[in-house]
Amino acid sequence: MTLKTLYQKIGFPRLIITVFFIALLIGAVVLNIPLAGLWSSIFVRFGMNAILVLAMVPGIRAGIGINFNLALGIVLGLLGAILSFEFGFQGATGFLVANAIALPLAAIAGYLYGHMLNRVKGDEMTVSNYIGLSIVSFMCIVWIILPLTNRELIWPMGGKGLRVTISMENSFGEFLNNLWAFPKGATGASSFVFPTGMIVYFALWAAIVWAFNRSKAGSAMSAAGASELFATSNGVNVNRYRILGTMISTILAAAGIITYAQGFGFLQLYRAPLYMSMPAAASILIGGATLKDARIIHVIIGTFLFQGLLVVALPVINVVSGGDMAEIVRVIVSNGIILYALTRGGEEA
Amino acid sequence: MALLEMKDISKSYSGNQVLKNVNLTIEPGEIHGLIGENGAGKSTLMNILFGMPVIHNTGGHEGQMFINGEPFTPKSPMDAMAAGIGMVHQEFMLIPGFTITENVKLNRENTKETILGKVFGKKLNRLDRETMAEDTKIALEKLHMNIDEFVKIQGLPVGYMQFVEIAREIDKRNLQLLILDEPTAVLAESEAEKFLEVIQSLSEMGIAILFITHRLDEIKSVSHGITVLRDGEMVLAEKIENISLVEMARAMVGRSVELSTEERRDLSDAPVHLELIDMHVKMPGEEVKGVSLEIKKGEIFGIGGLAGQGKIGISNGIMGLYPTTGKVIKSGQEMKLNSPREMLDNNVTFLSEDRKGMGLLLDDSIENNIAFAAQEIKDKFLKKILVGRFLDKKGITENAVKMIEELDIRCTSSKQHTRRLSGGNQQKVCIARALTFEPDILLISEPTRGIDIGAKKLVLDTLVHLSREEGMTVVMTSSELAELRQVSDRIAIISDGKLQGIFNPDEKDEVLGLAMAGDDYEEVLNDA
């Protein structure tokens, strides 16, 4: 393989980010930042975010583009986690109950949302942004008026409305992180721990999506997404498959935020769900997806690169500049890569 | 001296010769008709005359042009306009929200000097609306139009828009030659008559008219001279009084190349396979306005006609891709209309004229393209694992490899995406999908458009094989009469959305030519 074809295969954005990532790793070594801890953080953050990134796949394949409205699935995932918390479930049970409540709700919401997207064909990505804003605002009201009683959920003073950030220490916080984690007993920021449970859990969802893509329904859905004319003339009900894609995307968003929250250890309510779509979209685009084509491998590469960049950038840049540069890097990378993909349209991003 | 002389004009697009040594001479005040089938080279000739960028971007042309004896080499439409050539395009170039005056005077507005204009240049001069309105009125009067110049274009009848376009051209003071590209195609009959009168009065004012149309009777009634193009060659240039409608039709269709035609067969006893009753299809630009047909089992049924007359709409309507009314009956059973799925479930498949839009998944592999219809409708290439049905990738590849060999699809592998294939190979992929689907009835539109000779032969041979050996019913829609004649058992000619007649493929050129122009041979003979 010549250098040129290799370059074309990797693509400009991935090349830049990979080079940047490696430069940061070298920087970390030079600055004596312990790499073992950084690698565990990368794996943990990969596991936390990958399902949210995976949620982009069915949306893109079904032809609704990047689902900027992950917030819809996210708020329902949060609702599931909160109710599970309220009922006092912990650990594995808590995690399962949260999903059992959230996923069916997400399926229903995704179905309705899919119907709506069928009425705004061609403008899905614009509309999904505004739906996201509306849903999050609406849920701000819901978080305040939900009649919950658990003292850890509601404001300590006044006793009405949910807190902005809820610690999951007494619920199922870090349940997946610690599941089958090895080496056992390793603690502290500088030692290496592999979050087996979290990675396996992601692999489970990825396998489901992968299998779906190879099923008859998945194949029909990609055809509907790739060319509405082709699909229609070959007897595919395009609108139905767009709804299906939206549903799966919303369900994955709900499952994704529950995984994210348990890894983070906190439930973030109110405006927080708004800030989840952009990094997820950026990740899958970095991974090599376009506005028309997305695969599991894009999710894995993209999430790894994007989260790796953030994890390594934080200590390295903070040591070098002294300020909170890591957040700025995150914003520049995520918005930049989305802008790049949008200007390239359906081409290779 | 002739107003316009075009000498030995030749033009090829990437090796494909579209014009060969065409000559055209127009006298001042002459109405000159230019006729030819779709793809005969009319538009290219006009693009050359009008200096369209598409000509220069593709390497220019050969031959010379003279206006009033002066050499004329337009580099852009601006040059052509400066030389006194105006053109009214088939698609209107009008701004709906502007008034007639504003459209007529667009970018040529009369202005009055202002201080702003003196300081910042002429673009900031004030519009002289009175003069603009005056000028427009004069232009409209020349066209016998009783309409106020301050009316907005939006909501005007189509006929009026056409006249506004012409008013804009004749308002240009130096206009010597006006090119009209299919001007009457969009007009109702009464409007068309009025339009022809206007053309004649323009001609009396000394403006020469180059009139492109496929309505032969119109040419016959108004023009002085006529030029017929066929396959890029000038086959006839004659004074109108020396030529009859029948001769014009024969020259237009002609048989340029003798193709090996199949032995004819008699299918009159075959059962009816597909019946259309009073079918109307609302397909933009190809509307079908009530067609009834009986298609026999196992025949190749050709559908011909000129572009925009509705022939394309028939297959699209049967397949349910555009809103359709009427009845479609397959083997005695009435089909649900407007449902592609219903037709596919009943083993009818369609290869669209819109190959890239409807016929292919451009960013998917050849093998997936080939397997898709059979997999979606007939559950082929699927295997059941636990709860779901999954694609049998191996089966899909094997089938594709077989098809690639059978149809000689030139590709790097069955995994190659279809976007980078040539037109001919793309069409073969579409045909492979239809073969894999194994339909009873195959609808195919423009099977050889945009593909090379070799692929063309293979495609047509495949259709003949399917019909004669496999007993498949094939409905083939094509703009190329020659290929319809080569393979069809019967040819239906569609004109103005209606069935003009069903003909034997060996019918005389002039009969088919007149049918395509919407005229009846017998009537024309009786009139003459």
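From a predicted model like this one, the values you see are computed outputs, not experimental measurements.

1. As for the packing of helix H6 (residues 91-118) of chain A against helix H12 (residues 238-264) of chain A
Residues and elements named next belong to chain A.
- Two elements in contact, H6 and H12, have axes whose closest approach is 7 Å; the angle formed by their N-to-C orientations is 145°. Crossing geometry of H6 relative to H12 is assigned as right-handed.
- Among the residues forming the contact of H6 with H12, the class breakdown is 15 nonpolar, 10 polar and 1 charged.

2. Brief notes about the sheet that holds strand E18 (residues 348-351) of chain B
Residue and element names in this part refer to chain B.
- The strand order across the open sheet formed by 6 strands is E18-E21-E22-E15-E23-E24, and the pairing between neighbours is mixed. With partners counted over all chains shown, the strands left at the sheet margins are E18 and strand E24 (498-503), one partner each. Across the sheet, the mean angle separating the axes of adjacent strands is 20° when strand polarity is ignored.
- With 4 bridges joining them, strand E15 (residues 300-304) and strand E23 (residues 490-495) adopt parallel strand pairing. If you follow Phe301 over to E23, its bridge partner there is Arg490.
- Most of the contacts of helix H11 (residues 311-319) go to E18, to which it runs at about 140°, and overall it touches E15, E18, strand E21 (441-445), strand E22 (473-477) and E23.

3. What about the pairing of strand E9 (residues 177-181) of chain B?
Residues and elements named next belong to chain B.
- The buried fraction of E9 amounts to 5 of the 5 residues, a majority that puts the element mostly inside the structure.
- Along E9, one buried face is formed by Leu177, Ile179 and Asp181 and the opposite face, lined by Leu178 and Leu180, is buried too.
- With 4 bridges connecting them, strand E6 (residues 85-88) and E9 associate as parallel partners. Residue pairing in the sheet places Gly86 in a bridge with Leu178 of E9.
- Bridging between E9 and strand E10 (residues 208-212) involves 5 bridges; their strand directions are parallel. Bridging from a neighbouring strand, Leu180 pairs with Phe211 of E10.

4. Thoughts on the packing of aromatic side chains
- Throughout the structure, instances matching the rule amount to 12 aromatic pairs over all chains.
- Between Tyr201 of chain A and Trp205 of chain A, the ring centres sit 6.4 Å apart and the planes meet at 90°, which makes this aromatic pair edge-to-face. With a gap of 4 residues between them, Tyr201 of chain A and Trp205 of chain A both fall in helix H9 (residues 196-213), about one helical turn apart.
- For Trp205 of chain A, a relative accessible area of 14% puts it in the buried group.
- Members of the aromatic cluster, joined through ring pairs, are Phe21, Trp39, Phe43, Phe194 and Phe304 of chain A.
- Across from the ring centre of Tyr160 of chain B, 5.9 Å away, lies the NZ or CZ of Lys194 of chain B, which sits over that ring.
- Taking NZ or CZ as reference, Lys194 of chain B lies 5.1 Å from the ring centre of Phe163 of chain B, over its face.

5. Quick notes on the sheet that holds strand E13 (residues 272-281) of chain B
Residues and elements named next belong to chain B.
- If you trace the 4 strands from one edge of the open sheet to the other, you get E14-E13-E16-E17, paired in antiparallel fashion. The sheet terminates laterally at strand E14 (288-296) and strand E17 (333-334), the two strands that pair on one side only.
- Packing of H11 onto the sheet brings it into contact with E13, E14 and strand E16 (324-330), and relative to E13 it is tilted by some 105°.

6. Thoughts on helix H6 (residues 129-142) of chain B
Residue and element names in this part refer to chain B.
- Helix length check: H6, at 14 residues, gives a terminal C-alpha distance of 20 Å against a target of 20 Å (1.5 Å per residue), a fit within 8%.
- Residues of H6 that are buried: Met132, Ala133, Asp135, Thr136, Ala139 and Leu140. Buried residues along H6 cover an arc of 165° about the axis, so they all sit on one side. Summarising the geometry of H6, the exposed residues directed more than 90 degrees from the buried face are Glu130 and Glu141.
- Contacts from the buried residues of H6 go to helix H4 (100-104), strand E8 (126-127) and helix H7 (158-171).
- Looking one or two places after H6, you find His144, whose phi comes out positive at around 55°.

7. Overview of the domain arrangement of chain B
- Along its sequence, chain B is carved into domain 1 (1-83 + 176-243), domain 2 (93-173) and domain 3 (272-527).
- Between the C-alpha centres of domain 2 of chain B and domain 3 of chain B the distance comes to 47 Å.

8. Quick notes on the nonpolar core
- Among the nonpolar cores identified, the biggest contains 103 residues, and Leu54, Trp143, Leu162, Trp205, Ile284 and Val312 of chain A are the most heavily contacted of them.
- In terms of residue count, the dominant contributor to this core is helix H14 (residues 296-321) of chain A (11 residues).
- When near neighbours in sequence (up to four residues on either side) are disregarded, Ile284 of chain A contacts Val53, Met56, Val57, Ile60, Ala289, Ala294, His298 and Val299 of chain A.
- Among the nonpolar cores identified, the runner-up in size contains 59 residues, and Ile35, Leu351, Val429 and Leu514 of chain B belong to it.

9. A short note on the confidence of the model for chain B
Residues and elements named next belong to chain B.
- Averaged over all residues, the pLDDT of chain B equals 85, while 96% of them reach at least 70.
- Within chain B, E22 carries the highest mean pLDDT (93), whereas helix H20 (residues 521-527) carries the lowest (78).
- Of the two predicted TM-score estimates for the complex, the pTM is 0.76 and the ipTM is 0.80.

Parameters and conventions
Residues numbered from 1 in each chain as written. Chains lettered and ligands numbered in written order. Predicted model: local features only at pLDDT ≥ 70, side-chain atom pairs only at ≥ 80, totals over all residues. Heavy atoms only, no water. Axes fitted to C-alpha atoms, helices over the stretch in contact; angles between N-to-C directions. Helix = DSSP H or I, 4+ residues; strand = E, 2+ residues; numbered from the N terminus. Left-handed = near helix turned anticlockwise from the far one by under 90°. Nonpolar A, V, L, I, M, F, W, Y, C, P; charged D, E, K, R; others polar. Pairing = 2+ DSSP bridges. Contact = heavy atoms within 4.5 Å. Buried < 20%, exposed > 50% of the residue type's maximum accessible area, 1.4 Å probe, protein only. Phe/Tyr/Trp six-rings, centres within 6.5 Å; stacked < 30°, edge-to-face > 60°. Lys NZ or Arg CZ within 6 Å of the ring centre and 35° of its normal. Expected span 1.5 Å × (residues − 1). Arc of directions from axis to C-beta. Domains from an automatic or database assignment. Core = buried A, V, L, I, M, F, W, Y, C linked by side-chain atoms within 4.5 Å. pLDDT = per-residue confidence, 0-100.

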